[in-house]
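Here's the letter readout for the chains.
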Amino acid sequence: MTASAAPASVPGSVDDVVQALAGESYVADRRLATVVLLALSLKRPLFVEGEPGVGKTELAKALARALGALLLRVQCYEGLDVAQTSYEWNVARQMMEIRLAEAAHQLGDAGARERLVASLYSRDMLIERPLLSALTQERSPVLLIDELDRADEPFDAFLLEVLAENQLTIPELGTVKAAPGAAPIVVITSNRTREIHDALKRRCLYHWVDYPEAAREIEIVRIRAPGAAERLTAQIVAFVQRLRALDLFKAPGIAETIDWTNALVALNTLNLAPENVRDTLGVLLKHRDDIAKLQGGELTRLLAEAQAVARGEGVAAAARADVR
Amino acid sequence: MFAENVVHFARVLRHAGIPVGPDRVLAALEAIEAVGVARRDDVHAALSAVMLDRHEQQPLFDDAFAAFWRDPKLLERMMAELLPKISGRREMNKQRSQRLADALAAPPPAAEGARREGPDDQVEFETAFTFSDRERLARADFESMTAAEFELAKKLAEEVPLPFAPVRRRRHEASARGVVDLRATMLAMARQPETLVPRFSRPRSELPTIVVLLDISGSMDRYARLMLHYVHGLTRRYLKVHTLTFGTRLTNITRALRHRDPDLALALASAQVQDWKGGTRIASCLDDFNRHWARRLLGANAALLLVTDGLDRDDHGELTRAAAQLRLFARQIVWLNPLLRFEKFEPRAGGVRALLPFVDRFLPVHNLASLADLATVLREAPAQRR
């Protein structure tokens, strides 16, 4: 297979997707890989929702790398408008053109004026922003619309045209449409801080990204924080998995697990102990109530459980190694 | 053959309450073609990506999927046995026709008298062995509205200002004064090159998203029904109204209230609410709200309308903590308290005292008996700009 010669080769099966993403250090479960495959083959936007820190944004980045495609990113916030996401007229240049036309006394007749207006609103007066440039590429780019829930509702409505028709209408200029083979691969992420309108979701493939199960999380941590000892990784993941089962205000995501592992490695930890967990808990939990909940016996209990599980897994891993 | 099954499966989902339109059936067929039918979990993932659009639908979908792809006939039989569905619909018709009859009849002598009574609808049982001795489950009956009530609720929502201050958005709108809008100015200049008339814009201000937390416990009995009618009117008028009821548990009835037909909306809401006229656990319900809903609903400068009498037998320390947390989430909190029957009210009840420091505005209602009373209160309390 000449994968390097054709970086844009689209994966043909679910296994291909798993492999392609794994090649970019992204460990996807089979479900997610299926949805990604569908997004690529049905050419539908992918709407990924989930708690913060479960790797939604990372998915788009890994996908872009795996496909060798350009990544265009729109970070959403309240009040986001056309000028920041799609296009903007180069007003300074337009003003200059008018002034020059005036100075050259070219505004005498109606025809000259028409020509001036046409030149003012021509394509090269347009400054492209991510949504527009997603439609003008020669090869399909990956368009990441990050944290759509932070934008306000009018922006959802505005996105509909881009998502459904792969086109953008600019009143002064006309409609810009993506070339048939170069429609953007759209990934929309949301943290669910508000409900996204059904009309928009209807046009997308929906996927809820859950916290990973222990085995996959260990694999992720191993790839993303390679400095940690095997035993420490197992302990950390077992502890975090137990933490998520508590009724916390904000359960730690995978991003937090990775950060925590890196923090512990930086502190030269080889083995989880109550003291170093307590000292670094702020990396994992970001709510005062959650941290308070873990003070006292709860932490020691969870830790003991986690260590027991990690030991069990260590034994199992050793057994597997023996068999090999 | 396979296509037929997918169509059939979609119909089953639709019956179960997941809206799967024909467009999604087509997409599902394409999706299955893309992933192949070799692996059951791939088909499951593909179908759920295409057919669902919120995480809450997943468990229902999983059950349906498991049952259907084992034996399509089995599920059909199961669906046929869901009799309550049918009786529910019949009941709805009855309620609808009641409003119709009401509307057609000569001016009713007493609109209130026409209200349907249905004591045998209510399922009440003691849950003595659960963790709380006060939790009593009862199916809600918000009753249908009389024609007069419906008109009034509609008018109220349209005419009476809300007790919330508008919030300033970051999006701009054209105005006579403000900052210069270069793009609009340019457009004007292009039309008339020899003139330079600057155009202006300013940040738009609009009503915030409104979240209504409605107490439906026993002590709020009379008012809850009334408030719900008002909130339905509000939901019809403004898109961004979310409603949750609480007594001993928290229920989100926003979707039910989005139905434009008031009887249907109230019937659906009634079907969802299970702690009608039971006890109150304000603290734990607020805590639940903080944990699971606040971050989803109170995102962009949202305003919270808390409707409760503040009578609660939970630990008041807990209540203080939950209210303080809520304070951090909501931009404005307005508390409508309908239980103040006396002119000279003093916040003596512990729950009231615990909540009071955390609300922006406290709207006591003396003897809220009708929607008209509510209108009076809201009219007297126009929102101040903050």
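Residues numbered from 1 in each chain as written. Chains lettered and ligands numbered in written order. Predicted model: local features only at pLDDT ≥ 70, side-chain atom pairs only at ≥ 80, totals over all residues.

Mind showing me how you'd approach the overall build of chain B here?
Of the regular secondary structure elements, chain B holds 16 helices and 11 strands. Counting every position in chain B, which comprises 386 residues, the buried fraction comes to 37%. Within chain B, contacts between residues separated by at least 24 positions form 73% of all contacts whose residues are at least 6 apart in sequence. (Helix = DSSP H or I, 4+ residues; strand = E, 2+ residues; numbered from the N terminus. Buried ≥ 20, exposed ≤ 12 C-beta atoms within 10 Å, placed from the backbone. Contact = placed C-beta atoms within 7 Å.)

Please explain the overall build of chain A as it appears in this structure.
For chain A, the count of helices and strands is 15 helices and 9 strands. Since a compact globule built from 324 residues should have a radius of gyration of about 20 Å, the 25 Å found for chain A marks it as more spread out than a globular shape. Structurally, chain A occupies a C-alpha span of about 90 × 50 × 35 Å along its principal axes. Within the span of chain A, comprising 324 residues, buried residues form 37% of the whole. (Rg over C-alpha atoms; globule rule 2.2 N^0.38 Å.)

Help me understand the domain arrangement of chain A in this model?
It is common to report an interface's size as the accessible area lost on association of the parts. Here chain A is described as being made up of domain 1 (14-79 + 130-209), domain 2 (88-123) and domain 3 (214-312). Between domain 1 of chain A and domain 2 of chain A, the C-alpha centre-to-centre distance is 38 Å. (Domains from an automatic or database assignment.)

Can you help me understand unusual backbone geometry in this one?
Trans peptide bonds make up the majority, and among non-glycine residues the majority have a negative phi. All names here are of chain A. Notably, S25 is not glycine yet its phi reads approximately 60 degrees, a positive angle. You can see S25 is positioned in the loop between α1 (14-23) and α2 (30-42). Judged by the 12 C-beta atoms lying within 10 Å of it, S25 is exposed.

Where do I start with α2 of chain A in this structure?
Every α-helical turn comprises 3.6 residues, leaving residues that sit three or four positions apart pointing alike. All names here are of chain A. Across its 13 residues, α2 extends 18 Å between first and last C-alpha, which sits within 8% of the 18 Å expected from 1.5 Å per residue. Inspection of α2 places R31, L32, A33, T34, V35, V36, L37, L38 and A39 among the buried residues, and these make up the whole buried set. After α2 finishes, the residue K43 shows a positive phi value of roughly 55 degrees. (Expected span 1.5 Å × (residues − 1).)

Explain the sheet that holds strand β4 (residues 179-180) of chain B here, please?
As a general point, the strands of a sheet are linked pairwise by backbone hydrogen bonds and lie either parallel or antiparallel. All names here are of chain B. Spatially, β3-β5-β4 is the arrangement adopted by the 3 strands of the open sheet, whose pairing is antiparallel. The strands lining the two open edges of the sheet, one partner per strand, are β3 (167-175) and β4. In this structure, β4 lies alongside strand β5 (residues 200-206), joined through 2 bridges in antiparallel fashion. Looking at β5, one finds that V179 is bridged to S201. (Pairing = 2+ DSSP bridges.)

Where do I start with the nonpolar core in this structure?
Within soluble globular proteins, side chains that are nonpolar generally end up buried alongside one another. L46, L63, V187 and L205 of chain A are the most contacted members of the largest nonpolar core, which has 99 residues in total. Among the elements that line this core, the one with the most residues is helix α11 (residues 230-245) of chain A, at 8 residues. Aside from chain neighbours lying at most four places away, what touches L46 of chain A is V35, V36, A39, V186, V187, I188, C204, L205 and H207 of chain A. Of all hydrophobic cores here, the second largest spans 66 residues; its members include L214, L286, L326 and V334 of chain B. (Core = buried A, V, L, I, M, F, W, Y, C linked by C-beta atoms within 7 Å.)

Looking at this structure, how should I read the interface of chain B and chain A?
With 29 residues of chain B at the contact, the number on the chain A side is 35 residues. Listing elements by their share of the side of chain B that touches chain A, those giving two or more residues are α2 (22-35), α3 (40-51), β3, α8 (182-191) and α13 (294-297) of chain B. For the side of chain B that touches chain A, the element with the highest residue contribution is α3 of chain B, accounting for 6 residues. Of the residues contributing to the side of chain B that touches chain A, the split by class is 15 nonpolar, 3 polar and 11 charged. (Nonpolar A, V, L, I, M, F, W, Y, C, P; charged D, E, K, R; others polar.)

How should I be thinking about the confidence of the model for chain A in this particular structure?
As a note on interpretation, predicted positions should not be read in detail where pLDDT is low. A residue-level look at chain A finds 94% of positions with pLDDT of 70 or above and a mean pLDDT of 87. Long-range and interchain partners of residues 1-7 of chain A, a stretch whose pLDDT sits below 50, account for 2 contacts in this model, where long-range means more than four residues apart. (pLDDT = per-residue confidence, 0-100.)

Looking at this structure, I do not really get the pairing of strand β6 (residues 210-215) of chain B. What am I missing?
Along any regular strand, the residues point their side chains to alternate faces of the sheet. Residues and elements named next belong to chain B. Of all the 6 residues making up β6, 6 are buried; the element is thus mostly covered by neighbouring parts of the structure. Of the two faces of β6, the one carrying I210, V212 and L214 and the one carrying V211, L213 and D215 are both buried. Note: β6 against strand β7 (residues 241-246), 6 bridges, orientation parallel. What sits directly across from V211, in β7, is H242.

Honestly, the packing of α2 of chain B against α3 of chain B in this entry has me stumped. Any pointers?
Helix-helix packing is described using two parameters, namely the angle between the two axes and the distance between the axes. Residue and element names in this part refer to chain B. Running from N to C, α2 and α3 cross one another at 150 degrees; their axes reach a closest spacing of 9 Å. As summarised for this structure, α2 and α3 are arranged roughly antiparallel, according to the angle between their axes. The crossing of α2 and α3 is right-handed. Across the interface between the two elements, R24, A27, A28, A31, I32 and V35 from α2 touch D42, V43, A46, L47, V50 and M51 from α3. (Axes fitted to C-alpha atoms, helices over the stretch in contact; angles between N-to-C directions. Parallel < 35°, antiparallel > 145°, perpendicular 65-115°, else oblique. Left-handed = near helix turned anticlockwise from the far one by under 90°.)

Explain the sheet that holds strand β5 (residues 142-146) of chain A to me, please; I cannot follow it from the model alone.
All names here are of chain A. An order of β2-β5-β8-β1-β9 is seen for the 5 strands of this open sheet, with the pairing classed as parallel. Two strands bound the open sheet, and with one partner strand each, they are β2 (71-75) and β9 (205-209). The mean angle between the axes of side-by-side strands here comes to 20 degrees, regardless of whether they run parallel or antiparallel. In terms of strand pairing, β5 meets strand β8 (residues 185-190) through 4 bridges, oriented parallel. Within β8, the residue paired with L144 across the bridge is V187.

Could you clarify how one ought to interpret the packing of helix α1 (residues 2-16) of chain B against α2 of chain B in this entry?
Residue and element names in this part refer to chain B. Contact geometry of α1 with α2 gives a least axis separation of 10 Å together with a crossing angle of 135 degrees. With respect to α2, the axis of α1 lies oblique. Crossing hand, α1 versus α2: right-handed. Between α1, through A3, V6, V7 and A10, and α2, the contact on the second element is made entirely by R24, V25, A28, L29 and I32. Split by residue class, the contact of α1 with α2 holds 8 nonpolar, no polar and 1 charged.

Could you clarify how one ought to interpret the pairing of strand β1 (residues 46-50) of chain A in this entry?
Residues and elements named next belong to chain A. In terms of residue burial, β1 counts as a mostly covered element, since 4 of its 5 residues are buried. Where β1 meets β9, 5 bridges bridge the pair, whose relative direction is parallel. Each residue of the ladder has a partner; that of E49, found in β9, is W208. Examined bridge by bridge, β1 and β8 share 4 bridges and lie parallel to one another. When the bridges of β8 are listed, V48 appears paired with T189.

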